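Residue-level structural notes
Listed below, chain by chain, are the residues.
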Amino acid sequence: MRILGLDTSTSVASVAISEDGRIVAEDFYPRQGTAERSGAKSNHAEIILPLIDSVLQRAGIGLNNVAGIAASIGPGSFTGVRIGLSTVKGLAYGTGMPAVGISTLQAIAARVAGFEGIVCPILDARKGEVYASVFRKHGNQLERLAEDALMPILSFLKELRGVGKTAPCLFIGDGVTACGPLLQRAADLQICFAEEEGMPSVAASIALLSERQLIDDRPVELEDLAPVYLHRPECESRMKATVSSWNLRVK
């Protein structure tokens with residue numbers, strides 16, 4: 001089974017093809033080592049279709065040889081999430097292939113290999129807040145400990161202390177750059193940072209994570225494939241943070 005996975009919800013757009021549990025081709029933009037990686041975001045709307053063509057060529061197949069398609073549904077860039085879902089729906093409508101959506105934070109956490117402990121994917125939501133979740137990595141298993149949430153980074157660290165004092169916490173995602181100084185000052189937590197260079201793309205994780213759902217014939221109706229934004233209305237009190245209802249499952 002070949003799955004086409006794509007991500008436009010993060011600062012680096014990526015596309016990958018998996019086949020029976022392994023990645024056979026992937027591409028992303030901005031690419032590693034390019035000037036664009038210094039902070040400027042690519043125009044995902046312009047780059048996503050060329051990336052898909054590039055990956056299909058690398059795999060030596062056509063779109064008609066793909067059994068299913070998967071995309072990140074957020075949280076992440078508002079515009080990016082919409083671009084990804086629009087692309088997936090367009091391809092699914094045009095080809096009749098099934099489609100599924102994968103949490104961006106779950107896909108980011110799934111990129112981690114060779115680590116045992118707590119994985120904390122965080123994305124910069126600006127204004128001192130992050131999109132965040134918590135997973136436990138053991139061998140090849142990734143166990144979700146909390147739902148995706150939007151909260152101030154200090155609130156996230158406060159909640160994390162329930163598990164972070166007894167296990168190493170690996171932070172990954174563009175929120176690490178934005179919140180690095182605050183994370184480094186949390187001396188009571190066993191915080192370390194992922195070296196993302198050389199890791200598989202977010203799209204690669206999405207393709208692999210979606211395989212079981214598609215093998216089990218559990219695609220979603222296209223009208224139900226919806227973005228996950230998590231943003232609260234601006235008029236809502238900042239003191240009423242998502243963390244108030246966040247349930248970190250400590251075991």
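Attention in this report is confined to the structure presented alongside it. Fair warning: this is a prediction, and the values are worked out from it, not measured in the lab.

Rules used in this analysis
- Residues numbered from 1 in each chain as written.
- Predicted model: local features only at pLDDT ≥ 70, side-chain atom pairs only at ≥ 80, totals over all residues.
- Heavy atoms only, no water.
- Phe/Tyr/Trp six-rings, centres within 6.5 Å; stacked < 30°, edge-to-face > 60°.
- Helix = DSSP H or I, 4+ residues; strand = E, 2+ residues; numbered from the N terminus.
- Salt bridge = Lys/Arg side-chain N within 4 Å of Asp/Glu carboxyl O.
- Pairing = 2+ DSSP bridges.
- Axes fitted to C-alpha atoms, helices over the stretch in contact; angles between N-to-C directions.

This part covers the packing of aromatic side chains. As enumerated under the stated definition, the model contains two aromatic pairs in all. Aromatic pair Phe156 and Phe171: ring centres 6.0 Å apart, planes at 90 degrees, arrangement edge-to-face. Linking Phe156 in helix H4 (residues 153-164) with Phe171 in strand E11 (residues 169-172), this pair joins segments that are 15 residues apart in sequence.

To continue, consider the pattern of salt bridges. Within the structure shown, the criterion is met by seven salt bridges. Asp27 is paired through a salt bridge with Arg58; the nearest N and O atoms lie 3.4 Å apart. Of the two residues, Asp27 is situated in strand E3 (residues 22-29) and Arg58 in helix H1 (residues 44-59); the sequence distance between them amounts to 31 residues. We note a salt bridge from Glu196 to Arg111, for which the minimum N-O separation is 2.7 Å. Within this pair, whereas Glu196 is found in the loop between strand E12 (191-193) and helix H6 (202-215), its partner Arg111 is found in the loop between helix H3 (104-110) and strand E6 (117-126), the two being separated by 85 residues in sequence.

Here the focus is the sheet that holds strand E4 (residues 68-72). The strand order across the open sheet built from five strands is E3-E2-E1-E4-E5, with neighbouring strands paired in mixed fashion. Bordering the open sheet on either side are E3 and strand E5 (99-102), each of which pairs with just one other strand. Between one strand axis and the next, the sheet turns by 20 degrees as a mean value, whatever way the strands run. Relative to E3, strand E2 (residues 13-19) runs antiparallel, the two being bridged by seven bridges. Paired with Ala16 across the strands is Glu26, a residue of E3.

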